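Observations on chain architecture
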Amino acid sequence: MTTKPIIGAVLILALGGAYWASQRADAANAASRYKTQALTTGDVVQSVSANGTLNPVRMVNVGTQVSGTVRKLMVDYNDKVEQGQVLLELDDATYAAQWRQSNAALASAKAGSALAQANRNRLQGLLAGEHVTQQEYDQAVKEAQAAQAMVEQAQAALEKDRVNLGYTVIRSPVSGVVVERLVDVGQTVAASFQTPTLIRIAQDLTKMQIDSSFAESDIGGIKVGQTAQFTVDAFPNDTFRGNVTQIRLSPIIDQNVVTYDVVIAVDNPKLQLFPGMTAYVNIAIAERHNALLVPNSALRFKPGAESGKSGKGGGGEGGKDQGGNAKPVKKSLSAGTAYVLDADRQPRQVAVEIGLSDNRMTEVLAGELRAGDKVVTGENRKVEKAGGKTAGAMRLF
């Protein structure tokens, strides 16, 4: 008879111990469930990004004004050339023959002009002795003038043929580096309505520029003279710098997306950067020093369904409604929401006013948060209720 009360007491103690252990386990689960990070102070720089292409400041397309077959080619890729240097020669047989024909035509025109002039002078003497009429003399004057005009016409044709003959020798208009050669020996080029490009020359590869396309939402913060940083795939560990020199007003519209060309001047003294390289550009448009910074992951965090029911409101606009759920915080362009753990290790909503962001940290302008406060940035595991028991499961991010 005395054993039943003892057994009952043992059962009560066992149940109490199990309940106490369960409560400690729940508290430990709640404490370890959430990832937290303390707020710090520091500098934040807000920047805008875009891709662009590196180009020489001046690229010259060397063409031809006459048609012909390439006879000689004096330069190749990456060759340095000086202004006036011969780049290539076209077959000049046709143009040389035309020049000789024009030269002969000029000689014939000069002979005709000399004869007409002599006839005019002879009739002028006869007119004084009244051996010819005034009409005959006037006709001789006209023929002499026509002959002189023929001489001038032949001289112009000869000059034209001389110029065309000279065009068969292609010379460099600037000093620079050959970056592209588009013809080979034996190739025929035709100069019709559009001058064909034979060779491309970069005038000075130590001075480059980036033509980058920035979205219309970012263009308002970009100003001429701002410093730009960029990287290229060829040197992923190096950061290069340049300066904004021009914001072109002409919009570029592609599938209803509006962008603007921002030109960035770049010094290339070591000739590391090549034309055509893709540049990943960042331009700092605003910065703050000694600002209170909150991780962006904390501003993105939203507690799960269970914690959402148990979370407490805060931050002035927070709190709970009649159903016990956290009231929504009034949103604006500068409003944000973070969560801190209360005394029960449950997330409590806090409203903050935010400022600049660098896509990793965001400036806190006002609110309850202070430096050193820990905010929730994520969950380590998800606790689910199943059959009155608590089961822990790892949650990956």
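Just so it is clear, the structure is predicted and the values come from calculations on it, not from any experiment.

What counts and how
Residues numbered from 1 in each chain as written. Predicted model: local features only at pLDDT ≥ 70, side-chain atom pairs only at ≥ 80, totals over all residues. Heavy atoms only, no water. Pairing = 2+ DSSP bridges. Helix = DSSP H or I, 4+ residues; strand = E, 2+ residues; numbered from the N terminus. 1 Å grid on protein atoms, 1.4 Å probe; cavity = no way out; pocket = protein on both sides within 12 Å on 5 of 7 lines; lining within 4 Å. Points joined across faces, edges and corners; volume = space filled by probe spheres on them. Nonpolar A, V, L, I, M, F, W, Y, C, P; charged D, E, K, R; others polar. pLDDT = per-residue confidence, 0-100. Contact = heavy atoms within 4.5 Å. Phe/Tyr/Trp six-rings, centres within 6.5 Å; stacked < 30°, edge-to-face > 60°. Buried < 20%, exposed > 50% of the residue type's maximum accessible area, 1.4 Å probe, protein only. Axes fitted to C-alpha atoms, helices over the stretch in contact; angles between N-to-C directions. Parallel < 35°, antiparallel > 145°, perpendicular 65-115°, else oblique. Left-handed = near helix turned anticlockwise from the far one by under 90°. Salt bridge = Lys/Arg side-chain N within 4 Å of Asp/Glu carboxyl O. Expected span 1.5 Å × (residues − 1). Core = buried A, V, L, I, M, F, W, Y, C linked by side-chain atoms within 4.5 Å.

Digging into the sheet that holds strand 5 (residues 80-81)
In spatial order, the strands read 3-10-8-5; together these four strands make up an open sheet with antiparallel pairing. Of all strands in the sheet, those bounded by a partner on one side alone are strand 3 (59-63) and strand 5. Strand direction decides the pairing type here: strand 5 and strand 8 (residues 176-181), joined by two bridges, are antiparallel. Opposite V81, over in strand 8, you have G176 as the bridge partner.

As for the layout of surface pockets
Approximately 350 Å³ is the volume found for the largest pocket. Looking at the largest pocket, it is lined by 18 residues, and the ones nearest its centre are N78, K80, V177, L205 and L271. For the lining of the largest pocket, the secondary-structure elements that each account for two or more residues are strand 5 and strand 8. At four residues, the largest contribution of residues to the lining of the largest pocket is made by strand 8. Among the residues making up the lining of the largest pocket, the classes are represented as nine nonpolar, six polar and three charged.

Structural notes on the confidence of the model for the protein
On average, residues of the protein score 82 in pLDDT, and 80% of them are at 70 or above. Predicted confidence for residues 305-333 stays below pLDDT 50, and this span has 53 contacts to residues more than four positions away or in other chains.

Here we look at the sheet that holds strand 9 (residues 188-189)
Sheets are built from strands paired through backbone hydrogen bonds, the pairs being either parallel or antiparallel. If you trace the four strands from one edge of the open sheet to the other, you get 7-6-4-9, paired in antiparallel fashion. Each edge of the open sheet carries a strand with a single partner, namely strand 7 (169-171) and strand 9. The pairing of strand 4 (residues 68-73) with strand 9 spans two bridges and is antiparallel. By the bridge assignment, T69 is partnered in strand 9 with T188.

Structural notes on the packing of aromatic side chains
All chains considered together, the criterion is met by four aromatic pairs. Consider the rings of F301 and Y339, whose centres lie 5.8 Å apart with planes at 85 degrees: the pair is edge-to-face. Taken together, the residues F301 in the loop between helix 4 (296-300) and helix 5 (305-310) and Y339 in strand 16 (residues 335-341) connect sequence positions 38 residues apart. Accessibility assignment for this pair places F301 and Y339 in one class, buried. Through a chain of ring-to-ring contacts, three or more aromatic side chains come together here, namely Y34, F301 and Y339.

Some thoughts on the pairing of strand 8
Relative to strand 10 (residues 197-202), strand 8 is paired through four bridges, and the arrangement is antiparallel. Looking at the pairing, E180 lines up with R200 of strand 10.

A word on the environment of V340
Within the fold, V340 resides in strand 16. The buried category is assigned to V340, whose relative accessible area is 9%. As for V340 and K374, which are separated by 34 residues in sequence, their C-alpha atoms are 6.4 Å apart. Not counting chain neighbours up to four residues away, the residues in contact with V340 comprise Q346, P347, R348, V350, L369, K374, V375 and V376.

Quick word on the packing of helix 2 (residues 93-128) against helix 3 (residues 134-167)
In contact at an axis separation of 8 Å, helix 2 and helix 3 are set at 165 degrees when each is read in the N-to-C sense. Classified by the angle their axes make, helix 2 and helix 3 are roughly antiparallel. In this structure, helix 2 meets helix 3 at a crossing whose hand is left-handed. Here the contact of helix 2 with helix 3 is built from residues that sort into 20 nonpolar, twelve polar and six charged.

Points about the pattern of salt bridges
Under the definition given, this model contains eleven salt bridges. The partner of R200 in a salt bridge is E180, and the shortest N-O contact between them spans 2.6 Å. Highlighted residues: R200 in strand 10 and E180 in strand 8, separated in sequence by 20 residues. Residue R200 is classed as partly exposed on the basis of its relative accessible area of 25%.

Focus on the side chain of S113
Of note, S113 is situated in helix 2. Using a relative accessible area of 9% as the deciding quantity, one classes S113 as buried.

Regarding helix 2
Between its terminal C-alpha atoms helix 2 stretches 53 Å, which fits the 52 Å expected from 36 residues at 1.5 Å a residue. Listing the buried residues of helix 2 in full gives Y95, A96, S102, L106, A109, S113, A116, R120 and L123. Taken together, the buried residues of helix 2 touch helix 3. Two residues or fewer past helix 2, E130 is found with a positive phi of approximately 60 degrees.

A look at the nonpolar core
Generally speaking, a soluble globular protein has its nonpolar side chains buried in company with each other. In terms of nonpolar packing, the biggest core is built from 24 residues, with F214, F230, I264, V281 and I283 touching the most fellow members. Only strand 2 (40-56), strand 11 (207-215), strand 12 (227-232), strand 13 (235-254), strand 14 (257-267) and strand 15 (278-295) provide two or more residues apiece to this core. Apart from residues no more than four positions distant in its own chain, F214 is found in contact with V48, S49, A50, I219, I222, V258, T259, Y260, V262, V281 and I283. Formed by 18 residues, the second largest nonpolar core is a distinct cluster that contains I170, V178, V189 and L198.

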